[in-house]
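Structural characterization, general
So the chains spell out like this:
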Amino acid sequence: AAEGTRERRGQPDLPDGAAERIYGDGHEKVVIPMKVADPSSLASRRTVGEVMATCMKARRVFDGVASFNPMQSAVADVAWDTQENVLLCAPTGAGKTNVALLATASHFRHIGVFKDDVSAADADPYAAYADVPE
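Residues numbered from 1 in each chain as written. Predicted model: local features only at pLDDT ≥ 70, side-chain atom pairs only at ≥ 80, totals over all residues. Heavy atoms only, no water.

1. Observations regarding the overall build of the chain
Helices and strands together make up the secondary structure of the chain, namely four helices and four strands. In the chain, the succession of helices and strands from N to C terminus is β-β-β-α-β-α-α-α. Of the roughly 10400 Å² of accessible surface on the chain, 52% is carried by carbon and sulfur atoms. (Helix = DSSP H or I, 4+ residues; strand = E, 2+ residues; numbered from the N terminus. Areas by Shrake-Rupley, 256 points an atom, 1.4 Å probe, with all protein chains shown as cover.)

2. Quick word on the packing of helix α2 (residues 70-81) against helix α3 (residues 96-111)
Two numbers describe how α2 lies on α3: the axes approach to 8 Å, and their chain directions differ by 20 degrees. With respect to each other, α2 and α3 are oriented roughly parallel. Crossing hand, α2 versus α3: right-handed. Contacts between α2 and α3 pair Met71, Gln72, Val75, Ala76, Ala79, Trp80 and Asp81 from the former with Lys96, Asn98, Val99, Leu102, Ala103, Ala105, Ser106 and Arg109 from the latter. Across the contact of α2 with α3, the residue classes break down as nine nonpolar, three polar and three charged. (Axes fitted to C-alpha atoms, helices over the stretch in contact; angles between N-to-C directions. Parallel < 35°, antiparallel > 145°, perpendicular 65-115°, else oblique. Left-handed = near helix turned anticlockwise from the far one by under 90°. Contact = heavy atoms within 4.5 Å. Nonpolar A, V, L, I, M, F, W, Y, C, P; charged D, E, K, R; others polar.)

3. Regarding the side chain of Ser106
Relative to the elements of secondary structure, Ser106 occurs in helix α3. The residues contacting Ser106, other than those within four sequence positions of it, are Ala79, Trp80, Thr82 and Gln83.

4. Focus: the pairing of strand β2 (residues 27-31)
Of the pairings in the sheet, the one linking strand β1 (residues 20-24) to β2 comprises five bridges and is antiparallel in character. The residue bridging Gly24 from the neighbouring strand is His27, located in β2. (Pairing = 2+ DSSP bridges.)

5. A word on the packing of aromatic side chains
What the rule picks out here adds up to one aromatic pair. Their ring planes at 80 degrees and their centres at 5.1 Å tell us that Phe62 and Phe68 sit as a pair that is edge-to-face. The buried category is assigned to Phe62, whose relative accessible area is 3%. One cation-aromatic arrangement involves Arg109 over Trp80; the distance from NZ or CZ to the ring centre is 4.0 Å. (Phe/Tyr/Trp six-rings, centres within 6.5 Å; stacked < 30°, edge-to-face > 60°. Buried < 20%, exposed > 50% of the residue type's maximum accessible area, 1.4 Å probe, protein only. Lys NZ or Arg CZ within 6 Å of the ring centre and 35° of its normal.)

6. Things to note about α3
Relative to the 22 Å expected for 16 residues at 1.5 Å per residue, α3 spans 23 Å between its end C-alpha atoms, a close match to the ideal helical length. All buried positions along α3 are accounted for by Val99, Leu101, Leu102, Ala105, Ser106 and Phe108. As for α3, its buried residues are in contact with α1 (48-51), β4 (67-68) and α2. (Expected span 1.5 Å × (residues − 1).)

7. Here's the deal with the pattern of salt bridges
Where side chains of opposite charge bring their charged atoms close, a pairing between them can arise. For the structure shown, the criterion picks out two salt bridges. Residue Glu50 pairs with Arg46 through a salt bridge whose shortest N-O separation is 3.3 Å. Between Arg46 and Asp77 there is a salt bridge; the shortest N-O distance is 3.1 Å. Of this pair, Arg46 sits in strand β3 (residues 46-47) while Asp77 sits in helix α2; the two residues are 31 residues apart in sequence, bridging distant segments of the chain. Among the residues examined, Arg46 registers a relative accessible area of 16% and is labelled buried. (Salt bridge = Lys/Arg side-chain N within 4 Å of Asp/Glu carboxyl O.)

8. Here we look at the confidence of the model for the chain
Here the chain shows a mean pLDDT of 80. Residues at 70 or above account for 72%. Confidence scores differ between elements of the chain, with helix α4 (residues 127-130) showing the lowest mean pLDDT of 58 and β4 the highest of 95. (pLDDT = per-residue confidence, 0-100.)

Put into structure tokens, the structure is as follows:
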């Protein structure tokens, strides 16, 4: 091994199903199949009204959304009912942006933005990307 790197001795501990090994010039690639979740183990879909029952005005953030997907439903209570930090890791398209919007709406509710005298509040999840140089 090159100086400063570690070299593993012996057989690596790989999970069952590590089905494919590809040997290249100076490297080894091990393809481990993705675990397929049992649908019965997923959280049930929860409606927006069920999750956000404590603030009718905040529900407008999700106009047009009937329910949260299973991943969003699993973390909805933490995102909506607490002021705790959340680290959410999920694949592209899993719904992380809606969880961020739920947490933002929760914060707005907590600091009183959804009072009668407020006519607009903007939480644009894509604003962070607007000033990125190409």
